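Next come the chains, spelled out residue by residue.
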Amino acid sequence: MGEEAPAEQIPLCPKWCVSHHDDESDEHQSLGRELAAHARPLNQANDAYETSLVFTIHRNLTDTTAWIYIGDGCRQGLDISVESAVGAIDILEAVLREAQ
Ligand SMILES: [Zn+2]
C-alpha cells in the first residue's frame, strides 16, 4: 500500500564492466584495449591497411555468457566466448612458433 513498484533493476555488474547503464545499452562492457595492427581483408593480398584492433569483454544483461570481441569495428571482427579465447591463446602461440 502506497509502495511504488521497484524500478527495473540492472543485474549486478561483473568486475570488468565500465558501462554506466544510463543509456539504451543492454550489455555489460569492459574497457577496450587497443592494438595497432597491420591487417588485410581475407583473400585480398594487395589491400593491406593500418588499423587499430580493440579487445573488449561484453555480456548481455540477461545472459551468462561473456564474449570477447576482437576487431576494428568495421572491416574485421571476431566475437568468441571467453573459453574459446583461452583456447585460442595456446593455438596462437603454436602458430607463432611455426612462423618464426
Ligand atoms: Zn554492467
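To be clear, the structure that these remarks concern was listed above.
An account of the accompanying structure is given in this report. Every chain is numbered on its own, with residues counted from 1 as its sequence reads. At least 70 in pLDDT is required for a residue's local features to be given in this predicted model, at least 80 for side-chain atom pairs to be given and counted, and no such filter applies to totals for whole chains, interfaces and linings, which use all residues.

Take the overall build of the chain next. The numbering of helices and of strands both runs from the N terminus, where a helix is a DSSP run of H or I of at least 4 residues and a strand a run of E of at least 2. For the chain, the helix and strand inventory stands at one helix and five strands. The N-to-C order of helical and strand elements in the chain reads β-β-β-β-β-α. Buried means a residue has 20 or more other C-beta atoms within 10 Å of its own C-beta, exposed means 12 or fewer, and partly exposed covers the counts in between; C-beta atoms are placed from the backbone. Looking at the chain residue by residue over its 100 residues, the buried ones come to 4%. A separation threshold of at least 6 residues defines the contact pool for the chain, and within that pool the share at least 24 residues apart is 24%. Each residue gets a C-beta atom placed from its backbone, and two residues are in contact if those atoms lie within 7 Å.

To continue, consider the pairing of strand 2 (residues 33-39). Burial runs low along strand 2: only zero of the seven residues are buried. Where strand 2 meets strand 3 (residues 49-60), seven bridges bridge the pair, whose relative direction is antiparallel. Opposite Arg-33, over in strand 3, you have Phe-55 as the bridge partner. We treat two strands as partners when DSSP finds at least two bridges between them.

Before going further, it helps to examine the environment of Ala-48. Its location among the elements puts Ala-48 in the loop between strand 2 and strand 3. Taking the number of C-beta atoms within 10 Å as the measure of exposure, Ala-48 has 11 and is therefore exposed. Between the alpha carbons of Ala-48 and His-38 there is a distance of 6.9 Å; along the sequence they are 10 residues apart. Those residues in contact with Ala-48 that lie beyond four places of it in its chain are His-38, Ala-39 and Arg-40.

Turning our eyes to something else, we now look at helix 1 (residues 82-99). Across its 18 residues, helix 1 extends 25 Å between first and last C-alpha, which sits within 8% of the 26 Å expected from 1.5 Å per residue. Taken across its 18 residues, helix 1 has zero buried, putting it largely on the surface. Expected span of a helix, by definition, is 1.5 Å for each gap between consecutive residues, and there is one gap fewer than residues.

Right, let's talk about unusual backbone geometry for a bit. The phi angle of most residues is negative, glycine excepted, and most peptide bonds adopt the trans form. Unlike most non-glycine residues, His-21 shows phi in positive territory, near 55°. As for its position among the elements, His-21 is in the segment before strand 1 (27-29).

A separate point is the pairing of strand 4 (residues 67-71). Strand direction decides the pairing type here: strand 3 and strand 4, joined by five bridges, are antiparallel. Among the inter-strand pairings, Val-54 is bridged to a residue of strand 4, identified as Gly-71. Hairpin connection from strand 3 to strand 4: six residues lie between these consecutive antiparallel strands. Bridge count for strand 4 against strand 5 (residues 77-81) is five bridges, and the pairing is antiparallel. Looking at the pairing, Tyr-69 lines up with Asp-79 of strand 5. Between the antiparallel neighbours strand 4 and strand 5 lie five residues, among them Gly-73 with a positive phi of about 85°.

Any link to function would need more than the numbers given here.
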